[in-house]
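Here's the letter readout for the chains.
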Amino acid sequence: VEISQTFGTISEFFFLTLRAMHIVGPCRIVKDYHKLSHELYRLQQQLQASQDSIDQVMHLEQEINILFERRLCYEVVFQDLSLLDDLIKFARLAARWLLRLANAPASIVPLPSPASKMFTMVPEFAFEVVLDTIKLVAQTMPSVLELMNLPTLHDFCNFLMAFASSQEHIKSP
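Described in the following lines is the structure provided in the data block. (Residues numbered from 1 in each chain as written. Predicted model: local features only at pLDDT ≥ 70, side-chain atom pairs only at ≥ 80, totals over all residues. Heavy atoms only, no water.)

**Structural notes on the packing of helix α4 (residues 81–101) against helix α6 (residues 125–140)**
And step 1. Between α4 and α6, whose axes approach to 9 Å, the crossing angle comes to 145 degrees. Taken as a pair, α4 and α6 cross one another with a handedness that is left-handed. For the pair α4 and α6, the contacting residues are Leu84, Leu87, Ile88, Phe90, Ala91, Ala94, Ala95, Trp97 and Leu98 in the first and Ala126, Phe127, Val129, Val130, Thr133, Leu136 and Val137 in the second.
And step 2. For the contact of α4 with α6, a count of residues per class yields 15 nonpolar, one polar and no charged. (Axes fitted to C-alpha atoms, helices over the stretch in contact; angles between N-to-C directions. Helix = DSSP H or I, 4+ residues; strand = E, 2+ residues; numbered from the N terminus. Left-handed = near helix turned anticlockwise from the far one by under 90°. Contact = heavy atoms within 4.5 Å. Nonpolar A, V, L, I, M, F, W, Y, C, P; charged D, E, K, R; others polar.)

This is the structure we're talking about:
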């Protein structure tokens, strides 16, 4: 296998990060956290209603402790302001890139019709990464959104307004 000597450009890193965030990023983290919380709740309910032997109760308590520790790990990640800041910065970059690719005018809406050929080739997960990042921050640390600087907030609002008002650019049932 021959390794490209040109690998490492900013655009290659951008697209790799975009894909990685789609695979294991904000949406996946929130889904895993909720799944873990539901499983923990189910086991706690099972323990309270349990009339099983001591061994089975001990086993349930061990499982609950393991799930509780995992949930706390997620919550620590959700409180990491530098991580959330990095996620927001990348989501902002992706949002601005998508607006530029859609040839958004200065007024943002309406987006030009028809959508450019280049824009139509962008995979849906590019939008999902931006939206999932906003959703993750809003659900886990809403105070971060409140403290967001005005240009960043404007970029996200422009992104949301532009694509929410253009059925030609975003095809979602």
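**A look at α6**
Helical geometry note: an α-helix holds 3.6 residues per turn, so side chains three or four residues apart project in the same direction.
And step 1. Here α6 contains 16 residues, and its C-alpha end-to-end distance of 21 Å stays within 8% of the 22 Å for a straight helix at 1.5 Å per residue.
And step 2. Buried within α6 are the following residues: Phe125, Ala126, Phe127, Val129, Val130, Asp132, Thr133, Ile134, Leu136, Val137 and Thr140. (Expected span 1.5 Å × (residues − 1). Buried < 20%, exposed > 50% of the residue type's maximum accessible area, 1.4 Å probe, protein only.)

**Regarding the layout of surface pockets**
And step 1. Empty space within the second largest pocket amounts to approximately 190 Å³.
And step 2. As for the second largest pocket, its lining consists of Leu81, Asp85, Ile88, Lys89, Arg92, Val144, Leu147, Met148, Asn149 and Thr152.
And step 3. In terms of residue count, α4 provides more of the lining of the second largest pocket than any other element does, five residues in total. (1 Å grid on protein atoms, 1.4 Å probe; cavity = no way out; pocket = protein on both sides within 12 Å on 5 of 7 lines; lining within 4 Å. Points joined across faces, edges and corners; volume = space filled by probe spheres on them.)

**With respect to the nonpolar core**
And step 1. Counting 44 residues, the largest nonpolar core has Leu18, Leu98, Val130, Phe159 and Phe163 as its most contacted members.
And step 2. Elements represented by at least two residues in this core include exactly α1 (10–24), α2 (26–48), α3 (54–78), α4, α6 and α8 (150–164).
And step 3. Per-element tally for this core: the top contributor is α4, with ten residues.
And step 4. Among residues more than four places away in sequence, those in contact with Phe159 are Ala95, Leu98, Leu99, Phe127, Val130 and Leu131. (Core = buried A, V, L, I, M, F, W, Y, C linked by side-chain atoms within 4.5 Å.)

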